[in-house]
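Residue-level structure breakdown
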Amino acid sequence: MLIAKTLGQFIIEKQADFPYAKGELSRLLRDIGIAAKIVNREVNKAGLMDILGEAGSTNIQGESQKKLDIFANEQFISALQSGGECCIVVSEENDEYIYIDSEISKNAKYIVAIDPLDGSSNIDVNVSVGTIFSIYRRKSTNGKATLDDVLQKGVDQVAAGYVIYGSSTMLVYTTGKGVNGFTLDPSIGEFCLSHPNMTIPEDGFIYSINEGYYTHFPDGVKKYIKYCQVEDTTTRRPYTSRYTGSMVADLHRNMIKGGIFIYPITASAPNGKLRLVYECNPMAFIIEQAGGLASNGYERILELDVTELHQRSAIFIGSANMVKRAEEMMKSFS
Ligand code: AHG
Ligand code: MN
Ligand code: MN
Ligand code: MN
């Protein structure tokens, strides 16, 4: 059986797309892939290790951190620190950005923002979780990189990706030239190309939203949900509601089958819950590269001004025609 191209082979092959790059981005993606394999190992045997449950600490988001949040965070940060290609790491689990001040990283030109473990509420119940990463080139050309190098718009990302630790473990990423998916083959410990040139269907029949917050949704969201549930079933069938509590898992399913994921503003999240820098922007870059759309209900996610590390945003993301329809309702009714 011919082994599919590994992530490493693919990255080197695609190196030609970046004539000016001297391999740094390739090495950075390799470092992220290594950390993902280590996290995958722990996720796969979480029930057998003392890695389930609460860590007993709270992050800046006000969330109680799970042991796996902390473990995954440590793995990705250490892989980025030792890889030498990254000068700053931003993480959901760290209040401030981490400046990597080491001999090997002194010429590093990349900034990495990461949600080390997405969907933490699913860990103890064995439902898919993920990792999300976003990569920028620093803007400053000398001295220490600063916050100004981090707070860049989503359109300025050079790469973004996610890992889904599901029935199989996949790494999906873009460098702005399409989206490619790699499935981890545990027998050789390599991510192998399994989903080349991923595209999201223009239309879909799946909507993902936590309807438990319905009462406080903006009217445009309420109207869109009713549109999905179809008042007049003679014209079309109702959509299917699928919501897992893990953005990565919901977006990956909707990427494959078509669909829309919505996390609007709610009473408890007046600016939205999801974080712009390490959830909304990377997922928006990926989905747009796959032919979909990502909006905050009124404007393109990737164009939003980034003013804070842990800034939140409402997000409507997925199949282009579905996002357009939802935006129309937001603009008409909210
Ligand atoms: P994280 O686990 O990284 O904090 O992210 C959880 C996010 C996202 O993955 C998911 O879609 C959403 O929170 C679920 O929020 P609700 O439980 O409020 O629906
Ligand atoms: Mn969290
Ligand atoms: Mn998350
Ligand atoms: Mn997280």
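Per an unreviewed UniProt entry, the protein is named Fructose-1,6-bisphosphatase class 1, and its organism is Mucilaginibacter paludis DSM 18603. The Subunit (unreviewed entry) field of the UniProt record for the protein holds the comment "Homotetramer."

With that settled, the discussion passes to the pattern of salt bridges. Summed over all chains, the structure comprises 19 salt bridges. Sharing partners across several salt bridges, the network here consists of Lys 153, Glu 288, Arg 300, Glu 303 and Asp 305.

Looking now at the coordination of the manganese ion (ligand 4). Bound to the manganese ion (ligand 4) on the protein side are Glu 92 (OE), Asp 115 (OD) and Leu 117 (O), at distances that span 2.0 to 2.2 Å. One chain supplies every donor to the manganese ion (ligand 4), and in sequence these donors are spaced E-x22-D-x1-L. In this structure the manganese ion (ligand 2) is found 3.6 Å away from the manganese ion (ligand 4), and Glu 92 serves as a bridging donor for the pair. Remark: Leu 117 occurs in strand β5 (residues 110-118) and Glu 92 occurs in the loop between β3 (86-91) and β4 (98-99); sequence separation between them is 25 residues. For the pair shown, Glu 92 and Leu 117 are each scored as buried.

This brings us to the coordination of the manganese ion (ligand 3). Coordination sphere of the manganese ion (ligand 3), protein contribution only: Asp 115 (OD), Asp 118 (OD) and Glu 279 (OE), at 1.9 to 2.0 Å. Counting gaps between the donor residues of the manganese ion (ligand 3) yields the pattern D-x2-D-x160-E. Separation of the manganese ion (ligand 3) from the manganese ion (ligand 2) amounts to 5.3 Å. Of the two residues, Asp 115 sits in strand β5 while Glu 279 sits in helix α7 (residues 276-289), which places them 164 residues apart along the sequence. Per residue, the accessibility class of Asp 115 equals that of Glu 279, and both read buried.

With that settled, consider the sheet that holds strand β14 (residues 293-295). Spatially, β12-β11-β13-β15-β14 is the arrangement adopted by the 5 strands of the open sheet, whose pairing is mixed. This sheet does not close on itself; its edge strands, each paired only once, are β12 (240-241) and β14. Two strands pair when backbone bridges link them, and strand β13 (residues 260-263) and strand β15 (residues 315-318) are joined in this way by 4 bridges, in the antiparallel orientation. Following the sheet pairing, Ile 262 is matched in β15 by Phe 316.

It is worth spelling out the site of ligand 1 at this point. The environment of ligand 1 is formed by 19 residues, the closest being Asp 118, Gly 119, Tyr 213, Tyr 243 and Tyr 263. One nitrogen or oxygen atom from the main chain of Met 247 is found 2.8 Å from an oxygen atom belonging to ligand 1. For ligand 1, whose accessible area on its own is 470 Å², the fraction buried by protein is 89%. Of all the secondary structure elements, the ones that give two or more residues to the shell around ligand 1 are β5 and β13. When residues of the shell around ligand 1 are assigned to their parent elements, the largest contribution, 3 residues, is made by β5. For the shell around ligand 1, the per-class residue count stands at 7 nonpolar, 5 polar and 7 charged.

Residue Asn 126 is not a glycine yet carries a positive backbone phi of 60 degrees. Counting through the fold element by element, Asn 126 comes out in the loop between β5 and β6 (129-137). Taking the relative accessible area as the measure of exposure, Asn 126 reaches 73% and is therefore exposed. Phi angles above zero are rare outside glycine, and Asn 197 is one such case at about 45 degrees. As for its position among the elements, Asn 197 is in the loop between β10 (190-195) and β11 (206-208).

For Cys 192, the location among the structural elements is in strand β10. Linking Cys 192 and Thr 233, residues 41 residues apart in sequence, is a C-alpha distance of 43 Å.

Next up on the list: the UniProt feature "binding site: Mg(2+) 1" (unreviewed entry) in the protein. Within this structure's numbering, the places UniProt gives as "binding site: Mg(2+) 1" (unreviewed entry) are Glu 92, Asp 115 and Leu 117. With the annotated positions falling across 26 residues, the maximum pairwise C-alpha distance of 8.9 Å places them together in a single cluster. Note on Asp 115: relative accessible area 0%, which makes it buried. Beyond its immediate chain neighbours, meaning those up to four positions away, Asp 115 contacts Glu 92, Gly 130, Thr 131, Ile 132, Tyr 278 and Glu 279. In contact with Leu 117, not counting residues within four places along its chain, are Val 39, Leu 68, Asp 69, Ala 72, Glu 92, Ile 123, Val 129 and Gly 130.

Thresholds, definitions, all that
- Residues numbered from 1 in each chain as written.
- Chains lettered and ligands numbered in written order.
- Predicted model: local features only at pLDDT ≥ 70, side-chain atom pairs only at ≥ 80, totals over all residues.
- Heavy atoms only, no water.
- UniProt positions renumbered as here; feature names shortened; annotations may be inferred.
- Salt bridge = Lys/Arg side-chain N within 4 Å of Asp/Glu carboxyl O.
- Donors = N, O, S within 2.8 Å, 3.2 Å for Na, K, Ca; no water.
- Helix = DSSP H or I, 4+ residues; strand = E, 2+ residues; numbered from the N terminus.
- Buried < 20%, exposed > 50% of the residue type's maximum accessible area, 1.4 Å probe, protein only.
- Pairing = 2+ DSSP bridges.
- Near = heavy atom within 4 Å.
- Polar contact = N/O pair within 3.5 Å; in protein donor to acceptor, adjacent residues only side chain to side chain.
- Areas by Shrake-Rupley, 256 points an atom, 1.4 Å probe, with all protein chains shown as cover.
- Nonpolar A, V, L, I, M, F, W, Y, C, P; charged D, E, K, R; others polar.
- Contact = heavy atoms within 4.5 Å.

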